[in-house]
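Reading the structure
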Amino acid sequence: MEGESLAGLSPEELGEALALGEPYRARQVYRWIARGASGWEEMTDLPAAERSRLAGLRPRVDSSSPAARLEDPDGSIKLQVRLADGAAVECVLLEDLEGRRTACLSCQVGCPMGCAFCKTGSLGYLRDLSAGEIVEQFRFLRAAAGRGAISNVVFMGMGEPMLNLGAVRKAIAILSDPRGIGLSLRKITISTSGVVPGILDLAEHGPKVRLAVSLTSADDGLRGELMPVNSRWDLAALKDALARYQAATGERITLEAALMGGRNSSPADAEALVRWASPLKVQVNLIPWNKVPGLPFSEPSRAELEAFAAVLERAGMTASRRMRRGRGVMGACGQLGDTLRA
Ligand code: SAH
Ligand code: SF4
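Residues numbered from 1 in each chain as written. Chains lettered and ligands numbered in written order. Predicted model: local features only at pLDDT ≥ 70, side-chain atom pairs only at ≥ 80, totals over all residues. Heavy atoms only, no water.

A word on the domain arrangement of the protein chain. Segmenting the protein chain into domains produces domain 1 (11-57) and domain 2 (65-340). Of note, the centres of domain 1 and domain 2, computed from C-alpha atoms alone, are 35 Å apart. The interface is formed by 11 residues belonging to domain 1 together with eight residues belonging to domain 2. Taken together, the two surfaces of domain 1 and domain 2 that pack against each other cover about 680 Å², and 41% of this comes from carbon and sulfur. Contact with domain 2 buries surface across domain 1, with Glu13, Tyr30 and Ala34 losing the most and accounting together for 59% of the total. Our enumeration of links across domain 1 and domain 2 arrives at two salt bridges. Here domain 1 is connected to domain 2 by six residue pairs in polar contact (both at pLDDT 80 or more). Elements with a minimum of two residues in the side of domain 1 that touches domain 2: helix H1 (11-17) and helix H2 (23-35). Broken down by element, the side of domain 1 that touches domain 2 gets its largest block of residues, five residues, from H2. (Domains from an automatic or database assignment. Contact = heavy atoms within 4.5 Å. Buried area = accessible area lost by both parts, 1.4 Å probe. Salt bridge = Lys/Arg side-chain N within 4 Å of Asp/Glu carboxyl O. Polar contact = N/O pair within 3.5 Å; in protein donor to acceptor, adjacent residues only side chain to side chain. Helix = DSSP H or I, 4+ residues; strand = E, 2+ residues; numbered from the N terminus.)

Printed below as a string of structure tokens:
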């Protein structure tokens, strides 16, 4: 049990793992952990003898630890988290202009999807994270944030959530449990590169979280060049899966388009997107490509970005330009992994 995280366990599992006896004792420990306690001495309503027994069993609640903290002048905080086996992942706290705080979490060490424009993709894949390791990122970001709660969680860090759906589901169950952390499912977003079986699994079995899809391009040829996933599940299969997800949840789906200058950011690309998305209820998140040294792409010009957005808006689509937050700490989209030389 040494090394395993307690942060990903339900009260029942905690009770068993720690031999807590009475169910109320497990619920008590679970509540402390949900509030952010990391050591047994903090759990002041536990009898002293019980606290020292627990400390002997397991010195700490968390299995990983924050190893480095980078702060951007815009308020974003990136944490590098060292896992028990020595590997590392990153997670980011983003604060928007209204002061709303979003935790961007990783679900894998690296990523196997190999998208051509993504820093994480260029690292390759090492392993999946456990539910506990995912929840721990939330705990560390909450502690790093100091005052003020985190209201949103997005699975937009390192890794492909649909390839680690078991652990992601478990982490979401913990993050949304009203007995504990209690985030609303509507404030949790899973972003996928388009792994169709995962989307269908989620549509059928839940949880009903928000779904975001990295579309990048609505042209099969171009999308295939940029995202290897497209040769496994093409745009037609993806659209079909999204329609089923939408039928199951009734919610709008977010399409993310990382726009690279001169590649996928012309008005014709925008028109293709409008045509492709037409039967779905979507909002589009335009992400100007963030520079990754060594990758053969360039940032789109302001004019390209505005012309692209104008096509979407003329077609009645909501298009948001994602804030370029966290750039100073390489914590922006597609840049995670910069400090990962483990
Ligand atoms: N693996 C999941 C979750 C990561 S989300 C997914 O791909 O959906 C990260 C988002 O950032 C994705 O929409 C991705 O397309 C985008 N992205 C990747 N590299 C980027 C870069 N260098 N600049 C801007 N966006 C990028
Ligand atoms: Fe993986 Fe997402 Fe990066 Fe593609 S964009 S390589 S799926 S993290």
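Looking now at the site of ligand 1. If you check the shell around ligand 1, you find 20 residues, and the closest are Gly159, Ser191, Ser214, Trp289 and Asn290. In the environment of ligand 1, a nitrogen atom lies 2.8 Å from a nitrogen or oxygen atom belonging to the backbone of glycine 159. In the model, an oxygen atom of ligand 1 is placed 3.3 Å from a nitrogen or oxygen of the glutamate 256 side chain. Contact with the protein chains covers 95% of the free accessible surface of ligand 1, which is 540 Å². Those elements that provide at least two residues to the shell around ligand 1 are strand E8 (188-192), strand E10 (253-259) and strand E11 (282-288). (Near = heavy atom within 4 Å. Areas by Shrake-Rupley, 256 points an atom, 1.4 Å probe, with all protein chains shown as cover.)

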